[in-house]
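Observations on the model geometry
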Amino acid sequence: MLLTKKKLFFIIKETKESAKCWLLFSDLGGMSMAEFDLYDRADDVNELLARYGVKLGIYRDNTFKEQLFPFDAIPRIIDSKTFDYLERGLKQRVRALNIFLKDIYNDKKILLDKVIPEEFIYASSGYAVQCEGVCPPKDVFSHISGIDLVEGKDGEWYILEDNLRVPSGASYPMIARELCRRSSPRTFRENHIEDNRNYSDLLAHALDYVNTGGISVVLTPGRYNAAYFEHSYLAERIHVSLVEYDDLIVENSHLYFIDYSGKKIQVGAVYRRISDEYLDCMNFNPESVIGIPHIFDVYRKGNVALLNAPGNGIADDKGIYYFVPRMIKYYLDEEPILSNAPTYLPFYEEDMKYTMEHFDDLVWKDVAEAGGYGVQFGNSMTKQQKQDFIALLKKEPRRFIAQEVIDFKDIDIMEKGKSVPRKADLRAFVVSSEEPVVWKSGLTRFSRNPDSFIVNSSQGGGFKDTWVLSQS
């Protein structure tokens with residue numbers, strides 16, 4: 001489908017956001033319509049993504065299925081002023097969360113000062129008692145943080161959740177940008193867009209910064225993991241070995257990689273893409289067959305760095321999310337730059353009362369779920385579903401949070417040759433070493449269902465590249 005000028009002007013007229021995108025590539029960018037072919041070649045880019053194995057693994061009904069992660073060629077565009085604001089807020093939030101993780105497994109000052117109820121922490125499924133008294137190398141707990149945001153129609157940005165365990169998604173805008181750059185190199189030469197190819201440098205530096213002596217590796221559960229493409233892609237980009245459980249062994253309180261010749265090479269840092277419960281059958285889930293026995297003991301002695309640190313699940317808990325603005329004030333003595341979505345904890349009596357009175361106006365989330373699972377809109381439940389949910393809520397109030405439904409901004413996607421609005425979020429990536437660094441890109445996910453607010457890839461969503469405009 002060729003985009004004629006007539007069709008282009010229709011798109012510009014259709015929505016303000018489209019105009020913002022398309023004008024960037026018109027005469028203002030020094031590019032004629034005849035020369036601009038990025039959008040015309042979007043199908044070619046998706047074919048290349050499929051050929052390179054850019055797929056997601058989904059488990060449904062105990063069956064593993066792979067599906068494409070659909071790419072839309074209209075980028076999300078963030079101007080430099082807006083990004084500077086987001087950058088300040090994201091750095092602030094990640095600093096506070098890192099301090100919280102160190103505190104909660106050691107001195108527990110935030111509990112002693114009653115900023116967070118003690119029982120709220122210990123009731124969390126993300127709290128790992130095994131991590132009591134343990135500090136990772138250089139005191140960095142969340143080396144790679146994935147923070148999900150949405151832009152409301154009021155122009156305000158809101159944090160939806162924090163992902164500090166094993167956040168995924170950076171590889172998709174990386175490879176999409178690479179293929180788009182090949183398809184239309186002039187687009188990227190003649191427009192002031194921040195280069196996103198430095199993510200691998202940020203990740204490699206984070207590994208080097210905490211490395212305790214030896215090589216660095218990426219640990220994957222294997223090709224049947226949902227994000228296996230990302231594991232292999234990032235390992236290649238940072239020039240380290242991609243390993244599985246049987247490639248590593250613990251001896252004399254150190255971790256070793258066994259190479260193809262049988263030689264043992266000491267490992268000083270592991271970018272692990274395995275969740276805590278499966279990491280070490282001797283310290284976590286005894287039924288795990290994909291972890292490395294005693295790797296946690298090596299980590300506890302300070303002889304290997306694990307990225308991200310075990311125990312971060314407590315900060316992923318959607319109930320703890322409620323308290324992050326208080327953490328920022330408590331640990332940093334600063335006002336939060338970025339706001340949470342308005343959130344209620346039925347754990348508190350007054351919040352329970354409010355949420356019962358406004359049940360249909362709220363979205364309900366299970367605090368331990370992820371990937372778009374465990375999310376229910378009050379106004380979409382049947383009478384029986386509502387009764388059953390309220391009974392469960394009153395039995396387990398710690399298990400759920402309620403949030404106001406943010407009418408977040410639509411972003412245009414191309415569908416059957418037309419520009420149509422869809423809901424979208426932004427996963428920003430913050431890589432921490434000496435200081436947190438916000439990657440000048442991000443994963444924009446969108447819903448392909450015009451009536452849905454759920455954008456997760458596991459729920460059938462697609463993705464876009466995120467272009468941060470440079471000041472030059």
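**What to know about the overall build of the protein chain**
Scanning the protein chain for helices and strands turns up 17 helices and 21 strands. Expressed as a percentage of its 472 residues, the buried residues of the protein chain come to 53%. Contacts in the protein chain between residues at least 24 apart in sequence constitute 69% of all its contacts with a sequence separation of at least 6. Accessible area of the protein chain: about 21,000 Å², with a carbon and sulfur share of 49%.

**Thoughts on the side chain of Asn308**
Among the secondary structure elements, Asn308 is positioned in the loop between β11 (305-307) and α13 (313-316). Overall, the relative accessible area of 2% leaves Asn308 in the buried class. Separated by 3.0 Å, the side chain of Asn308 and the backbone oxygen of Leu164 make a polar contact. When sequence neighbours within four positions are dropped, the list of residues in contact with Asn308 reads Phe141, Ser142, His143, Ile144, Leu164, Arg165, Pro167 and Arg272.

**Topic: helix α7 (residues 171-183)**
The α-helix winds at 3.6 residues per turn, so residues separated by three or four positions along the chain end up facing the same way. The end-to-end C-alpha separation of α7 is 18 Å, in line with the 18 Å expected for 13 residues at 1.5 Å each. Counted residue by residue, α7 has eleven buried out of 13 residues, so it is predominantly covered. Turning to α7, its buried residues are Ser171, Tyr172, Pro173, Met174, Ile175, Ala176, Arg177, Leu179, Cys180, Arg181 and Ser183.

**Brief notes about the packing of aromatic side chains**
The relative placement of two aromatic rings is captured by the distance of their centres and the angle of their planes. Tallied over the full model, the rule gives 25 aromatic pairs. Pairing Phe359 with Phe389 gives two aromatic rings, centres 5.9 Å apart and planes at 65°, and the pair type is edge-to-face. One end of the pair, Phe359, is in the loop between α16 (349-357) and β14 (362-366); the other, Phe389, is in helix α17 (residues 383-395), and 30 residues separate them in sequence. What makes Phe359 buried here is its relative accessible area of 2%. Assessed through its relative accessible area of 5%, Phe389 is described here as buried. Above the plane of the ring of Phe120 lies Arg398, whose end atom (NZ or CZ) is 3.7 Å from the centre.

**Thoughts on the side chain of Asp317**
Along the polypeptide, Asp317 turns up in the loop between α13 and α14 (318-321). Accessibility expressed as a relative area gives 4% for Asp317, which makes it buried. Polar contacts involving the side chain of Asp317 include one to the side chain of Ser124, which spans 2.7 Å. Setting aside chain neighbours within four positions, we find Asp317 in contact with Ser124, Val367 and Arg398.

**Structural notes on the sheet that holds strand β16 (residues 400-404)**
Spatially, β13-β16-β14-β15 is the arrangement adopted by the four strands of the open sheet, whose pairing is antiparallel. Edge strands, defined here as strands with exactly one partner in the open sheet, are β13 (343-344) and β15 (375-377). Two strands pair when backbone bridges link them, and β13 and β16 are joined in this way by two bridges, in the antiparallel orientation. Counterpart to Tyr344 in the pairing with β16 is Ala402. Sheet strands in contact with α17 are β14, β15 and β16, and its direction is about 120° off that of β16.

**Some remarks on unusual backbone geometry**
Of note, the amide linkage connecting Leu307 to Asn308 takes the cis form, showing an omega dihedral of -5°. Unlike most non-glycine residues, His239 shows phi in positive territory, near 60°. Here His239 shows up in the loop between α10 (228-237) and β7 (241-243).

**Regarding the packing of helix α4 (residues 80-104) against helix α15 (residues 324-332)**
Two packed helices can be described by the angle between their axes and the distance between those axes. Packing of α4 against α15 leaves a shortest axis separation of 9 Å and a crossing angle of 80°. The orientation of α4 relative to α15 falls into the category roughly perpendicular. Contact residues: Gln92, Arg93, Arg95, Ala96, Leu97, Ile99, Phe100 and Asp103 in α4; Val324, Met327, Ile328, Tyr331 and Leu332 in α15. The residue makeup of the contact of α4 with α15, split by class, is nine nonpolar, one polar and three charged.

**Observations regarding the pairing of strand β17 (residues 410-415)**
Both faces of the sheet carry side chains from a regular strand, because those side chains alternate between them. Sheet topology places β17 next to strand β18 (residues 418-432); six bridges connect them, and they run antiparallel. The residue bridging Ile413 from the neighbouring strand is Val420, located in β18. The hairpin formed by β17 and β18 contains two residues between the paired strands, and Lys416 there has a positive phi angle of roughly 55°.

**Details of the environment of Val140**
Position of Val140 relative to the elements: it lies in the loop between α6 (118-122) and β4 (144-151). What makes Val140 buried here is its relative accessible area of 5%. Taking the C-alpha atoms as reference points, Val140 and Ser433, separated by 293 residues in sequence, lie 7.1 Å from one another. Excluding residues within four positions of it along the chain, Val140 makes contact with Asn98, Tyr209, Ser432 and Ser433.

**Examining the environment of Gly146**
Mapping Gly146 onto the fold places it in strand β4. Owing to a relative accessible area of 0%, Gly146 belongs among the buried residues under this scheme. When the C-alpha positions of Gly146 and Arg427 are compared, they lie 5.9 Å apart, and in sequence the two are 281 residues distant.

The rules we used
- Residues numbered from 1 in each chain as written.
- Predicted model: local features only at pLDDT ≥ 70, side-chain atom pairs only at ≥ 80, totals over all residues.
- Heavy atoms only, no water.
- Helix = DSSP H or I, 4+ residues; strand = E, 2+ residues; numbered from the N terminus.
- Buried < 20%, exposed > 50% of the residue type's maximum accessible area, 1.4 Å probe, protein only.
- Contact = heavy atoms within 4.5 Å.
- Areas by Shrake-Rupley, 256 points an atom, 1.4 Å probe, with all protein chains shown as cover.
- Polar contact = N/O pair within 3.5 Å; in protein donor to acceptor, adjacent residues only side chain to side chain.
- Expected span 1.5 Å × (residues − 1).
- Phe/Tyr/Trp six-rings, centres within 6.5 Å; stacked < 30°, edge-to-face > 60°.
- Lys NZ or Arg CZ within 6 Å of the ring centre and 35° of its normal.
- Pairing = 2+ DSSP bridges.
- Axes fitted to C-alpha atoms, helices over the stretch in contact; angles between N-to-C directions.
- Parallel < 35°, antiparallel > 145°, perpendicular 65-115°, else oblique.
- Nonpolar A, V, L, I, M, F, W, Y, C, P; charged D, E, K, R; others polar.

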